[in-house]
Amino acid sequence: MIVIVGAGVAGLSLGWRLALRGASVTILESGEIGSGASGVASAYLEPRLGSGYLRKLEWAAFREWPDFADTVEAESDVTIDYRRDGQIRTAYSDTLSKVKADAQQRQDEGWTVDWLERRELVSREPFLSEDVVAGAYLPDVCWLDGKLLCDALASAITRRGSTVIEHTRAQSIAVTGGRVRGVMTPDGVVPGEKIVLCAGTGTNLIDGMPGDIPVCRPVRGVVLTMGMDPEAPILRHLIRRPDGFLCPRSNGNLLVGSTHDDGETCLTPDADVIEDLKARAARTLPAIAELPLLNARAGLRTFVGDGLLRLGRSQQCRGLYYSLSHAGAGFLRAPVISRELADFVLSDEAACPHIGPFLKR
């Protein structure tokens, strides 16, 4: 039996991979499935610039996403709203040179980039403001509904005979003779020969963690959900503004985000934060001011130290593993991390070519 703590994208994708391999998995979630940062995120899939190990991991995962999405939907019968309409990186006159330089670097790194002057830009997105002077269209960028993906993964896991338990907090790790034997919850011990910590900042709340389990730092992201007419949406592409994003959903919702509040843990955004997000977004899309606000939600991205991935197993407590510091890129990297980490959890000797540079064995 393998117990995973956390039912966000990291824990659920790992649990699904393990279930596919025939393992018996129990996933514990203190709230509801995808109720943390995974349910708030816009979940757009865009490898970042550069050529280091992390960028190579992201590109490998990005290439796997079409098959990953198709397989999860087939396994679960849940549609995850995986969209391939592309992203437009918009520029104001005072950010034009920066957006052009970014587009050129992407072209140099092999991206497909179409530069759009204002006339071409508004032919694709007619509701953009006059402040938007140009933009770079990245046709390869995709996005999905993170909450739907979490629901789909949970469904696929249960169909494979494993279990996801909501509203059950991991209080501590039960240990005998230096080896894990389960997770202590308010309802008793959930037995497990191996335990994987995927709860982000919630890991900090579990009592008695060994000293070699990383301490997580929260970075809050506030995202607004506005209501569009799904039959006549005012936006069809994912928009990366100079100071945020606009992300349309197929159901007519429009996500507006996001803040980057280091160390902030309050999950109830105040009115000033909400109004600031709306005002900044309206500079790109003035019609936002007329849309109803459906909700304002906050999620806690998890960072450890320099923000690089933290994956591996404890040297102080046998059978205890962790998957932490996904830093807002958990959806993009999920296909590769879940597959290779599942191999590692099942066999500490597994070859892990993409996550190896970030893996503590």
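Counting restarts for each chain: residues are numbered from 1 in the order of the written sequence. Reporting in this predicted model follows two pLDDT cut-offs: at least 70 for local features of residues, and 80 or more for side-chain atom pairs to be given and counted; totals over whole chains, interfaces and linings ignore these cut-offs and use all residues. Excluding hydrogens and water, the side-chain figures rest on all heavy atoms present in the structure.

1. Looking at empty space enclosed by the protein
Moving on, step 1. With a 1 Å grid spanning the protein atoms alone, the term cavity applies to any set of points in which a 1.4 Å probe fits but cannot get out, the term pocket to an open set with protein on both sides within 12 Å along at least five of seven lines, and the term lining residue to any residue with an atom within 4 Å of a point. Grid points are joined across faces, edges and corners, and a volume is the space filled by probe spheres set on the points. For the coordinates displayed, the defined rule picks out one cavity of 30 Å³ or more.
Moving on, step 2. Each pocket or cavity is described by its volume, and for the largest cavity that value is around 60 Å³.
Moving on, step 3. Among the elements of the structure, helix H1 (9-20) and helix H8 (330-346) are those that each provide at least two residues to the lining of the largest cavity.
Moving on, step 4. Counting residues per element, the lining of the largest cavity draws most heavily on H8, which supplies five residues.
Moving on, step 5. When the residues that make up the lining of the largest cavity are grouped by side-chain class, the tally is five nonpolar, five polar and one charged. Each helix corresponds to a stretch of at least 4 residues labelled H or I by DSSP, and each strand to a stretch of at least 2 residues labelled E; elements are numbered beginning at the N terminus. Any residue that is not Ala, Val, Leu, Ile, Met, Phe, Trp, Tyr, Cys, Pro, Asp, Glu, Lys or Arg is counted as polar, Gly included; the first ten are nonpolar and the last four charged.

2. Focus on the nonpolar core
One recurring pattern in soluble globular proteins: nonpolar side chains tend to sit buried together.
Moving on, step 1. Side-chain atoms within 4.5 Å link the members of a nonpolar core, which is a set of buried Ala, Val, Leu, Ile, Met, Phe, Trp, Tyr and Cys residues. When accessible area is computed with a 1.4 Å probe and restricted to protein chains, residues below 20% of their type maximum are described as buried, those above 50% as exposed, and intermediate ones as partly exposed. Ranked by size, the top nonpolar core spans 55 residues in total, and within it Ile4, Leu12, Leu45, Trp65, Leu144, Leu149 and Ile355 carry the most contacts.
Moving on, step 2. Listed by contribution, the elements that provide at least two residues to this core are strand E1 (2-5), H1, strand E2 (25-28), helix H3 (53-76), helix H6 (146-159) and H8.
Moving on, step 3. We call two residues in contact when some of their heavy atoms are within 4.5 Å. Once residues within four sequence positions are removed from consideration, Leu12 is found in contact with Gly6, Ala7, Ile27, Ile33, Cys150, Leu153, Ala154, Ile157 and Val164.
Moving on, step 4. Membership of the second largest hydrophobic core comes to 25 residues, among which are Val132, Ile239, Ala281 and Leu291.

3. Looking at the environment of Ile195
Moving on, step 1. Mapped onto the fold, Ile195 is located in strand E12 (residues 194-197).
Moving on, step 2. On the accessibility criterion, Ile195 (0% relative accessible area) is buried.
Moving on, step 3. With 123 residues separating them along the chain, Ile195 and Arg318 place their C-alpha atoms 9.5 Å apart.
Moving on, step 4. With sequence-adjacent residues up to four places away left out, Ile195 is seen in contact with Val3, Val5, Ile173, Val180, Gly182, Val183, Gly319, Leu320 and Tyr321.

4. Structural notes on the side chain of Arg241
Moving on, step 1. Along the polypeptide, Arg241 turns up in strand E14 (residues 238-241).
Moving on, step 2. Within the structure, Arg241 has its side chain in polar contact with the backbone oxygen of Phe245 (distance 3.1 Å). Throughout this description, a polar contact denotes any pair of N or O atoms lying within 3.5 Å of each other; where both atoms belong to protein, one of them has to be capable of donating a hydrogen while the other can accept it, and for residues adjacent in sequence the pair is counted only when both atoms sit in side chains.

5. Side note on the sheet that holds strand E10 (residues 179-185)
Moving on, step 1. At least two DSSP bridges between two strands are required for those strands to pair. Read from one edge to the other, the open sheet built from three strands follows the order E9-E10-E11, with strand pairing classed as antiparallel. Either end of the sheet is taken by a strand with one partner, and the two such strands are strand E9 (172-176) and strand E11 (188-191). Strand-to-strand twist of the sheet, defined as the mean angle between neighbouring strand axes without regard to direction, takes the value 40°. Each axis is a line fitted through C-alpha atoms, taken for helices only over the stretch in contact, and angles between the N-to-C directions span 0 to 180 degrees.

6. Re the packing of H1 against H3
Moving on, step 1. The contact between H1 and H3 brings their axes to 13 Å, and the two run at 70°. As far as their axial angle goes, H3 and H1 are roughly perpendicular. Here H1 contributes Ser13, Trp16, Arg17 and Leu20 to the contact with H3, which in turn contributes Glu64, Phe68, Thr71, Val72 and Glu75.
Moving on, step 2. Of the residues assigned to the contact of H1 with H3, the class counts are four nonpolar, two polar and three charged. Should an angle fall under 35 degrees it is called roughly parallel, over 145 degrees roughly antiparallel, and 65 to 115 degrees roughly perpendicular, with every other angle called oblique.

7. Regarding the pattern of salt bridges
Moving on, step 1. The term salt bridge refers to a side-chain nitrogen of Lys or Arg lying within 4 Å of a carboxyl oxygen of Asp or Glu. If you walk through the whole model with that rule in mind, you get 24 salt bridges.
Moving on, step 2. Three or more residues joined by partner-sharing salt bridges are found here, namely Glu46, Arg89, Asp102, Arg106 and Arg240.

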